[in-house]
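# Commentary on secondary and tertiary structure
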Amino acid sequence: MKKIVVILTGGTIAMKIDPTLGAAIPSPIADELMNNVKAHIKGVYIEEREIFNIPSPHVDHEKMILIRDEVIKALNEEETIGVIVTHGTDTLEETAYYLDITIDNKKPIVVTGAMRNASELGYDGALNLTASIATCLNEESVGLGTLVVMNNEVHSAAQVTKTNTLSVNTFKSPEFGPLGIIDNDEVLYYRRERSINKCIIDCLEPKIALLKMASGIEGDIIDFYIDNNYKGIVIEALGRGNVPPKTVPSIKRAIDNKIPVVMVSRCSTGRVLGSYGYKGGGRELFSIGVINGGALPGQKVRIALMALIAANKNNSEIEEFFKI
Ligand code: ASP
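Keep in mind that this is a model prediction, so the values were computed, not measured. (Residues numbered from 1 in each chain as written. Predicted model: local features only at pLDDT ≥ 70, side-chain atom pairs only at ≥ 80, totals over all residues. Heavy atoms only, no water.)

All residues adjacent to the ligand are Gly11, Thr12, Met15, Pro55, Ser56, Pro57, Gly88, Thr89, Asp90 and Ala114. One of the side-chain nitrogen or oxygen atoms of Ser56 is found 2.5 Å away from an oxygen atom of the ligand. Asp90 places a polar side-chain atom, nitrogen or oxygen, 2.8 Å from a nitrogen atom of the ligand. If the ligand stood free it would expose 270 Å²; the protein chains cover 87% of that surface. Classifying every residue of the shell around the ligand by side-chain character gives four nonpolar, five polar and one charged. (Near = heavy atom within 4 Å. Polar contact = N/O pair within 3.5 Å; in protein donor to acceptor, adjacent residues only side chain to side chain. Areas by Shrake-Rupley, 256 points an atom, 1.4 Å probe, with all protein chains shown as cover. Nonpolar A, V, L, I, M, F, W, Y, C, P; charged D, E, K, R; others polar.)

Below is the structure:
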């Protein structure tokens, strides 16, 4: 019988309020969640595998690799028609993007979670998991790469981001919107995403820095990364891709030290480009060898750079990866 494998990793979807703390903590609720969902699903076997139960701020590169290993193992089982990963929402977009760029398989991979824990009224865990199963069952999901399903919307892993700290409607694709919706257990797709570049590698380089620019920032933090053996730096620059001028000598020093520096914008949407020619403007940055990261948010570029550097890619290969 065809099956969908649900890989449970933790997050609010697997939390309850601890009465002493009065705050949510990981809890053994997998059986309750899975029984509720299975009671609702017909015609496909659902198999769960809990690999850990941790909040997503505890997910590091080693945990991401473990998740990827489990996803690939499940995809390679012949009866599997789709794989779902349940995950904390704080870093869900990073793990989803990581799976997207490092796995080349047409079977749907869906990452989901919950914004309300199992002690709260309106717990959205069973709803999001059921919608994820509907997404795996839909033939149009085949070949779309890794998807994120939350609040009855289907998003591409490359586009989606968490936009609100509390709302169940927090996951959005700010530039182009969701790929589709789930209505009454049926998935309706409205658009397709262009295929994204892959970097198939089973390890990650953890020493990649992510730095957000702000008015008046100087180069000292960049010098710290250079002096502490960082292997790559992602800069979320200002606007169209500009930085305060006092950071430029340190950016140049990083590049001279063979540390790739990839630039995106701290704006929530839009590409960076060398539109400005003043000191610290994009034109100067690209002329000294800064790599254009396009329209991705810094946290996803960092994941990509962790994979690209682990795969020993050179600067022009890194540049090629970020071109759409
Ligand atoms: N802090 C939680 C986590 O990421 C939030 C959630 O899962 O919604 O694990």
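Following the structure, the description resumes.
With that out of the way, let us pick up helix H5 (residues 220–227). Regarding H5, the residues found buried are Ile222, Tyr225 and Ile226. In an axial view of H5, the angular spread of the buried residues amounts to 100°, which keeps them on one side of the axis. Exposed side chains of H5 directed beyond 90 degrees from the buried face belong to Asp220 and Asp227. Summarising the contacts, the buried residues of H5 are in contact with strand S13 (208–212), strand S14 (232–237) and helix H6 (248–256). Once H5 ends, the next one or two residues include Asn229, with phi positive near 65°. (Buried < 20%, exposed > 50% of the residue type's maximum accessible area, 1.4 Å probe, protein only. Helix = DSSP H or I, 4+ residues; strand = E, 2+ residues; numbered from the N terminus. Arc of directions from axis to C-beta. Contact = heavy atoms within 4.5 Å.)

This paragraph deals with the packing of H5 against H6. It is the contact of H5 with H6, at a shortest axis distance of 8 Å, that shows an interaxial angle of 15°. When the axes of H5 and H6 are compared, the pair comes out roughly parallel. Our pair here, H5 against H6, has a crossing hand that is left-handed. Residues Ile222, Asp223, Ile226 and Asp227 of H5 form the contact with H6, whose own contacting residues are Ser250, Ile251, Arg253 and Ala254. Residue composition of the contact of H5 with H6, by class: four nonpolar, one polar and three charged. (Axes fitted to C-alpha atoms, helices over the stretch in contact; angles between N-to-C directions. Parallel < 35°, antiparallel > 145°, perpendicular 65-115°, else oblique. Left-handed = near helix turned anticlockwise from the far one by under 90°.)

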